[in-house]
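Here is how the chains run, residue by residue.
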Amino acid sequence: MNLADLNKVARAMVAPGKGILAADESTGTIKKRFDAINVASTEDSRRDYREMLFRSSEAMSRYISGVILYDETIWQKAKDGTPLVKLIEQAGAIPGIKVDEGTQPLPNCPGELVTVGLDRLAERLKKYYDAGARFAKWRAVIDIAGGTGGPGTDGRGIPTMTAIDVNAHALARYAALCQAAQIVPIVEPEVLMDGDHDIERCYEVTKRVLNKTFQELRVQRVALEGMVLKPNMVVSGKKSAKQASVEEVAEKTVRLLKNCVPAAVPGIAFLSGGQSDEEATAHLNAMNAIGGLPWPLTFSYGRALQAAPQKAWSGRSENVAAGQRAFSHRARMNSLASKGEWQAELEKKAA
Ligand code: 13P
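All of these numbers come straight from a predicted model, not from anything done at the bench.

Rules used throughout
Residues numbered from 1 in each chain as written. Predicted model: local features only at pLDDT ≥ 70, side-chain atom pairs only at ≥ 80, totals over all residues. Heavy atoms only, no water. Salt bridge = Lys/Arg side-chain N within 4 Å of Asp/Glu carboxyl O. Helix = DSSP H or I, 4+ residues; strand = E, 2+ residues; numbered from the N terminus. Buried < 20%, exposed > 50% of the residue type's maximum accessible area, 1.4 Å probe, protein only. Phe/Tyr/Trp six-rings, centres within 6.5 Å; stacked < 30°, edge-to-face > 60°. Lys NZ or Arg CZ within 6 Å of the ring centre and 35° of its normal. Near = heavy atom within 4 Å. Polar contact = N/O pair within 3.5 Å; in protein donor to acceptor, adjacent residues only side chain to side chain. Nonpolar A, V, L, I, M, F, W, Y, C, P; charged D, E, K, R; others polar. Core = buried A, V, L, I, M, F, W, Y, C linked by side-chain atoms within 4.5 Å. Contact = heavy atoms within 4.5 Å. Expected span 1.5 Å × (residues − 1). Axes fitted to C-alpha atoms, helices over the stretch in contact; angles between N-to-C directions. Parallel < 35°, antiparallel > 145°, perpendicular 65-115°, else oblique. Pairing = 2+ DSSP bridges. Right-handed = clockwise from strand over helix to strand, strands pointing away.

Engineer: Go over the pattern of salt bridges with me, naming the residues and quoting the values.
Structural biologist: Applying the stated rule across the entire model yields 25 salt bridges. Here Asp 44 and Arg 47 are joined by a salt bridge, their closest N and O atoms 4.0 Å apart. Taken together, the residues span about one helical turn, with Asp 44 and Arg 47 both in helix H3 (residues 43-54) at a distance of three residues. Residue classification places Asp 44 among the partly exposed residues on the basis of a relative accessible area of 48%. Residue Arg 47 is classed as buried on the basis of its relative accessible area of 12%. Asp 48 is the partner of Lys 79 in a salt bridge, and the nearest nitrogen-oxygen pair spans 3.7 Å. With Lys 79 in the loop between helix H5 (71-74) and helix H6 (84-90) and Asp 48 in helix H3, the pair connects residues that are 31 residues apart, well separated along the chain. Accessibility expressed as a relative area gives 63% for Lys 79, which makes it exposed. Taking the relative accessible area as the measure of exposure, Asp 48 reaches 25% and is therefore partly exposed.

Engineer: Could you give an account of the packing of aromatic side chains, naming the residues involved and the relevant values?
Structural biologist: Throughout the structure, instances matching the rule amount to six aromatic pairs. Between Phe 34 and Trp 313 the ring centres are 5.6 Å apart and the planes differ by 55°, which places this aromatic pair in the tilted class. Remark: Trp 313 occurs in helix H12 (residues 303-313) and Phe 34 occurs in helix H2 (residues 27-36); sequence separation between them is 279 residues. For the pair shown, Phe 34 and Trp 313 are each scored as buried. Every member of this aromatic cluster is reached through a ring pair, and the members are Phe 34, Tyr 49 and Trp 313. It is Arg 134 that lies over the ring of Tyr 129; its NZ or CZ is 3.7 Å from the centre.

Engineer: Can you lay out the site of the ligand for me, pointing to particular residues and giving the numbers?
Structural biologist: If you check the shell around the ligand, you find 13 residues, and the closest are Lys 137, Lys 230, Ser 272, Gly 273 and Arg 303. Here Lys 230 contributes a side-chain N or O atom positioned 2.6 Å from an oxygen atom of the ligand. Residue assignment for the shell around the ligand shows that the elements contributing at least two residues are strand S6 (135-142) and strand S10 (297-301). Classifying every residue of the shell around the ligand gives three nonpolar, four polar and six charged.

Engineer: Now, about the nonpolar core: what can you tell me, with residues and values included?
Structural biologist: Grouped together as the largest cluster of nonpolar side chains are 99 residues, with contacts concentrated most on Phe 54, Tyr 174 and Leu 229. Contact partners of Tyr 174, with chain neighbours within four places excluded, come to Val 99, Leu 118, Leu 121, Ala 136, Lys 137, Trp 138, Pro 185, Ile 186 and Val 187.

Engineer: Kindly report on helix H10 (residues 246-260), identifying the contributing residues and their values.
Structural biologist: Side chains three or four residues apart in an α-helix point the same way, a direct result of the helix having 3.6 residues per turn. The terminal C-alpha atoms of H10 lie 21 Å apart, and with 15 residues this matches the ideal 21 Å at 1.5 Å per residue to within 8%. Looking only at H10, the buried set comprises Val 249, Ala 250, Lys 252, Thr 253, Val 254, Leu 256, Leu 257 and Cys 260. Where H10 is buried, its residues touch helix H9 (199-219), strand S8 (228-229), strand S9 (268-270), helix H11 (277-290) and S10.

Engineer: Describe the packing of H11 against helix H13 (residues 320-337), listing the residues and the values that go with them.
Structural biologist: Each packed pair of helices is defined by two parameters, the angle between the axes and the distance between the axes. Running from N to C, H11 and H13 cross one another at 20°; their axes reach a closest spacing of 8 Å. One element, H11, and the other, H13, form an angle in the roughly parallel class. For the pair formed by H11 and H13, the contact residues are Asp 277, Glu 278, Thr 281, Leu 284, Asn 285 and Asn 288 on the first element and Arg 330, Met 333, Asn 334, Leu 336 and Ala 337 on the second.

Engineer: Now, about the environment of Met 52: what can you tell me, with residues and values included?
Structural biologist: If you trace the backbone, Met 52 turns up in helix H3. In contact with Met 52, other than residues within four places in its own chain, are Pro 309, Trp 313, Val 320, Gly 323 and Gln 324.

Engineer: Before we move on, can you summarise the pairing of strand S7 (residues 184-191) with the specific residues and values?
Structural biologist: When you tally the buried positions in S7, you get eight out of eight residues, the bulk of the element. Burial along S7 is two-sided: Val 184, Ile 186, Glu 188 and Glu 190 facing one way and Pro 185, Val 187, Pro 189 and Val 191 facing the other are all buried. One ladder, built from eight bridges, connects S6 with S7; its direction is parallel. Pairing of Lys 137 across the sheet is with Ile 186, part of S7. Taken together, the two bridges between S7 and S8 define a ladder with parallel strand orientation. Each residue of the ladder has a partner; that of Ile 186, found in S8, is Val 228. Taken together, S7, H9 and S8 form a β-α-β motif whose crossover is right-handed.

Engineer: Tell me what's going on with the pairing of strand S2 (residues 64-69), and back it up with residues and numbers.
Structural biologist: Among the six residues that make up S2, six are buried, leaving the element largely enclosed by the rest of the structure. Where strand S1 (residues 19-23) lies against S2, five bridges are found, and the strand directions are parallel. Within the sheet, the bridge partner assigned to Leu 21 lies in S2 and is Val 67. Across four bridges, the pairing between S2 and strand S3 (residues 94-98) is parallel. Residue pairing across strands places Gly 66 opposite Ile 94, the latter belonging to S3.

Pasting the structure below:
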């Protein structure tokens, strides 16, 4: 492992005013997104859509540091034959790859999930490196509400320490394998927003998850200087009657991260996790407005960057320019938020 080079890539991923585009939806997930805009999900339509994003030169060159790809996409070529990976590189961004293979039910823990994909990961990483990937992503899912689980779950006793332990262990196994393959791991332990719990509960669960994750990273000798953390923000449950303010989300998230994340980590890039576009931007902005943090805080959004361009595009080639404008706008808003310089009025002006 060359830690200096890993650190260089990690710092580039969180460079000032830039963040990550998570375009790594699995075939099943992108189909759901396309269903919502009445577009058939085929290899070609997925390619056309992602080509539109990667050819958004303003967004890609000014606001996007890296793109997380799905396995299908890393091997795909644009309509004119240029590999999609090349389009990303030509824009000055770094190609990355999702390497987990999704979740499976966790035995003995009804309703809970464990992320899988460690078998043969070392071989796969080598192929992805050769294809141009310089960072990777693995997402662990921790459910507070028990809503995603199997029969007989009502959310009581969830999450178990078992689910937190095995998922943290797998994240650290993945991260160690990535660094051995000279790939920067994005370590993503996501505590879901689903449920009617209050923000305090999200704080407590996320604290347990982050503490366990960093404990496992240490045990497995992962070099913190060569990774990026992708956490959830501390927010109220989606169905909670009491929704915390933007300021409270920012204050609690910053307090928690300061308690749990060593300063050696080069940067933190949040997931959006089902927040609206503007909420995700406002929260990131409010955290950066607090300032005085040991790491850059930026975005690694999927839905909060893509919902608007998907709608504007709607599968029509004549809408490509409109889709790119929508993408550039969201990317610019989040870039400003990563510097604490966003204002709500900027959204209205663009509309
Ligand atoms: P969302 O921002 O839509 O949560 O997606 C980010 C991501 O990569 C989740 O793994």
